[in-house]
Amino acid sequence: MFVPLKHERDQFIEPPRIERGGREEEVGWKDRRPQTSARCCSLSKSFLHTHSSSTPSDTDCNLSDQTTRMSSAGSDQPRSSTDQQRNGDPDRRRDHSGGRGDAMGDDDDDDDDDAFDLNDPENRIVAGGDDEPAGSPPDDENDDDDDDDDGDNGHDGGDAAAAPSGVGTPPVTKVPLRDDASVAAVRPKPLHAMDVHPADPAIVAVAGEEDDVFIYKLSLARASSSASRGAAAAGHSTAELIHVLKGHTDTVTHVRFAPTSGGVAASSPTPPPSSSPTLATGAMDGHVRLWCTSTWSCLFDLSDLSGEVEYLLWHKSGLAIVAGASDAQSVMWSSAKGTVAQYFLGHSATVTCGAWCLPDQKKFVSGSSDGSVIVFNPKTAEVELSIMKDLSNDNAGVSALCPVTPDTIVVGCEDGTLHLISLARGKVVKHLPELHEQCIEMIAPHPVRPQELIATCSCDCRIVVWNAATFEARATFQHSEGITRIVWCAASDAIVASGTDGDLTIWDGLGASGNQPVDTLMGNSRFVTDLVAFEVDPDVAKREARSAGVAGIARGALLYSVSDDGSLRCFDRRGPAALENDG
C-alpha cells in the first residue's frame, strides 16, 4: 500500500473522485500516487499488481528519472479488492475471536496441532495436545471466496491504461554498457524473488510472475587471474533448468531455503543443523508451500493466511517457519508436519516485516503498516510488548526492523525515520539522526559483526552505515538511483547495492576508500528485485580444493540477482585462487 510522505503531498495532481458504496467521494491520500519520485517498495508492488502477466516488452516507462504517473483511465474506478484488503478492510479480515480457520482442512484432527516449545534445548516442535493454538482464528465460510475477489487486480496482464487508479506504468528496457555476469539465465516474465542453496551455491531457486518456481544449476568456474570484465563477450557459463515447481496460482514473491550446514551464506553466519534444507515459497495467492530439495516435490501447501504473503522467515533450527500477510496476521508452522504452531495477532493492517530476537530466537517481533511493533512469545503467542507511540511523528508504517542486541531492535519507517526500541524498558529509547528522506527499504547488519556495523538503505538513493554501539553514522554513500536491496560481503567489508537502474554498485562499507563506489557490475536491463551474496567459506573451499587435488582456493563472494527484465545473473567476485600453507 502506497503511503505518501509528508513532504511529497504538495506534488500530487488534483485529487480525482471515485464512487464508493453508491456515493462519490474524493480519493484519500492512500489512494493517490505522486507525479514525482515514489519509494521503491510501492513502485515494485504496483508493477506486481498490474503487470504480473506482462512480458518485459509490454512495459513502457523510464525509471531513470524515477517518475511515476497516475493512470488517467481508471482514476474514477473503485478500488480493487486487493486494495481494500491492504487497507485492512474488516470484511476481508478474519475474525480472530478464537479457534483455527478452516484453511487447514483438518478440523477434526486436533492431535496434529503443534506448539513451538522454546524451552526445548533443540527448539523441537512438540505435540500441543487437544488445545488449539493460542490466538488462532475461527472457521470462516467465506475464506474460499477470496480467490474470486482477485479477478480485477490486474493479474491478467491487461493494458496499463486499464490499471486501477493510482498505478504507474513500468520502466522501459535499457541497454547496459556491458554484461559482467559470469552466469545468466532469462525467463519470459519478470522475476521477483530468489535464494541460493546454503550448502551448494550452484543451486538457485527463482520465481516471479510466471507463478512457478524454477530451480537452476549453475556452472561456477573458479575465478582466475586471467578472468576479464564483460563475461558476455566470451559467453556466459551454463545455467541449466533442472526443475519447475508448480502449485502457486499467483505471482511468487518470496523464496527461502531453510538453514543448513555446509556453505555459509552471507546472510546466515550461524552454522545451521541440517544438510538437506527445505525450500519455502510464498506468493500473492496467500499460500506458503514447502518443498523437498531431494526430490523437489511439494511437502505441504500451507493456506492459513487470507492475504498476500509479505515476508517469509525461517527459525534457525529449520523446524519452524513464519509468514506475515496483508490480512494483518502472521502464522508459524511446523515445517516437519505442515501444521499450525501459532497465530500471531495484534496488528490492524498489513504485517510488513518480522524477525527473531537475539540471541536464542526465543522471541518473535513483527512490524506493520499500521505503525506498530509487537513482540510475541512464540510458545504461547502472547503479546509481550506492543509499541506504536513515539515511533514516527507522521504515524508512518513500519517497513523494516532488525534486532541488534538481546535488548535492542532498530525499526525503520515509511517516512525514512529510524528508531531504537529497548525490550527491557518497553519503549523507544532513541531516534536516530534523520539521514533518510524516504521509506527505509532494508536494515542489514554485518553478517560477522552485527553488533558493530549496521547498514540502512532507502529509495532516496542513500546508504548509511551506522556504528551499532553508538548508532552514529559512520559512512554515507549516495547513489544516482533509488536503492532496492543491499547486502554485505563480510570478507571484504563491502556493501553491494542494487538500484532502479539495474546495476550492482559496490562500496567499501567501512568508508576507508571514501564515499565513491569501488566497482559497478552491469548486465541487468531493468531494476533488480532481489539480491543475495554467498560468501565462500575458507574451510569448505579448502576441503574442496584438497578433494579436487588443487593447491589453491578462491576467496570472496558470489553475487546473485534477479531483475524485472526476467533475468537471473551470477557475478563472480571470488579472487584468483590463492595458495594455502597449512603447515
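A closer look at the pairing of strand β14 (residues 298-302)
Item 1. The pairing of strand β13 (residues 288-292) with β14 spans 4 bridges and is classified as antiparallel. What sits directly across from L290, in β14, is F300.
Item 2. What sits between the antiparallel neighbours β13 and β14 is a turn of 5 residues, in which W296 has the positive phi angle 60 degrees.

Things to note about the packing of aromatic side chains
Item 1. Enumeration according to the criterion identifies 5 aromatic pairs in this entry.
Item 2. The interplanar angle of 20 degrees and the centroid separation of 5.1 Å between the aromatic rings of F344 and F364 together place this pair among those described as stacked. Here F364 lies in strand β20 (residues 364-368) and F344 lies in strand β18 (residues 339-344), a separation of 20 residues in the sequence. F364 carries the same exposure label as F344, and that label is buried.
Item 3. An aromatic cluster is defined as three or more aromatic residues linked by ring pairs; in this entry it consists of F344, W356, F364 and F376.
Item 4. Here the guanidinium or amino end of R187 rests over the ring plane of F214, the centre of that ring lying 3.8 Å away.

A look at the nonpolar core
It is characteristic of soluble globular proteins that their nonpolar side chains tend to be buried jointly.
Item 1. Counting 18 residues, the largest nonpolar core has V365, V373, L391, L401, I409, V411 and I421 as its most contacted members.
Item 2. Where this core is concerned, the elements lending two or more residues are β19 (351-356), β21 (373-376), β22 (383-387), β23 (398-403) and β24 (408-413).
Item 3. The element that contributes the greatest number of residues to this core is β24, accounting for 3 residues.
Item 4. The residues contacting L401, other than those within four sequence positions of it, are C353, G354, A355, V365, S366, G367, V373, I409, V410, V411 and I443.

A closer look at the confidence of the model for the protein chain
Item 1. Overall, the prediction assigns the protein chain a mean pLDDT of 73, with 60% of residues at 70 or greater.
Item 2. A low-confidence stretch, residues 223-234 stays under pLDDT 50, and its non-local contacts, those more than four residues away or across chains, total 21 contacts.

Let's talk about the pattern of salt bridges
Item 1. Summed over the entire model, instances satisfying the criterion amount to 13 salt bridges.
Item 2. The salt bridge partner of K363 is E384, with a shortest N-O separation of 3.4 Å. Of this pair, K363 sits in the loop between β19 and β20 while E384 sits in strand β22; the two residues are 21 residues apart in sequence, bridging distant segments of the chain.
Item 3. The exposure class assigned to K363 is partly exposed, which follows from its relative accessible area of 33%.
Item 4. A relative accessible area of 40% places E384 in the partly exposed class.
Item 5. E452 serves as the salt-bridge partner of R449, at 3.3 Å between the closest nitrogen and oxygen.
Item 6. Classification of E452 by relative accessible area gives partly exposed; the value is 41%.
Item 7. Taken together, the shared-partner salt bridges in this structure form one network comprising R449, E452 and D493.

Examining the side chain of D285
Item 1. Within the secondary structure, D285 is located in the loop between β12 (278-283) and β13.
Item 2. Buried charge D285 goes without a salt bridge, the closest partner of opposite sign being R289 at 5.8 Å.
Item 3. Engagement of the side chain of D285 in a polar contact is seen with the side chain of H248, the distance being 3.2 Å.
Item 4. Apart from the residues within four sequence positions on either side, D285 is in contact with H248, T249 and D250.

Basis of the calculations
- Residues numbered from 1 in each chain as written.
- Predicted model: local features only at pLDDT ≥ 70, side-chain atom pairs only at ≥ 80, totals over all residues.
- Heavy atoms only, no water.
- Pairing = 2+ DSSP bridges.
- Helix = DSSP H or I, 4+ residues; strand = E, 2+ residues; numbered from the N terminus.
- Phe/Tyr/Trp six-rings, centres within 6.5 Å; stacked < 30°, edge-to-face > 60°.
- Buried < 20%, exposed > 50% of the residue type's maximum accessible area, 1.4 Å probe, protein only.
- Lys NZ or Arg CZ within 6 Å of the ring centre and 35° of its normal.
- Core = buried A, V, L, I, M, F, W, Y, C linked by side-chain atoms within 4.5 Å.
- Contact = heavy atoms within 4.5 Å.
- pLDDT = per-residue confidence, 0-100.
- Salt bridge = Lys/Arg side-chain N within 4 Å of Asp/Glu carboxyl O.
- Lys, Arg positive; Asp, Glu negative; His and termini not counted.
- Polar contact = N/O pair within 3.5 Å; in protein donor to acceptor, adjacent residues only side chain to side chain.

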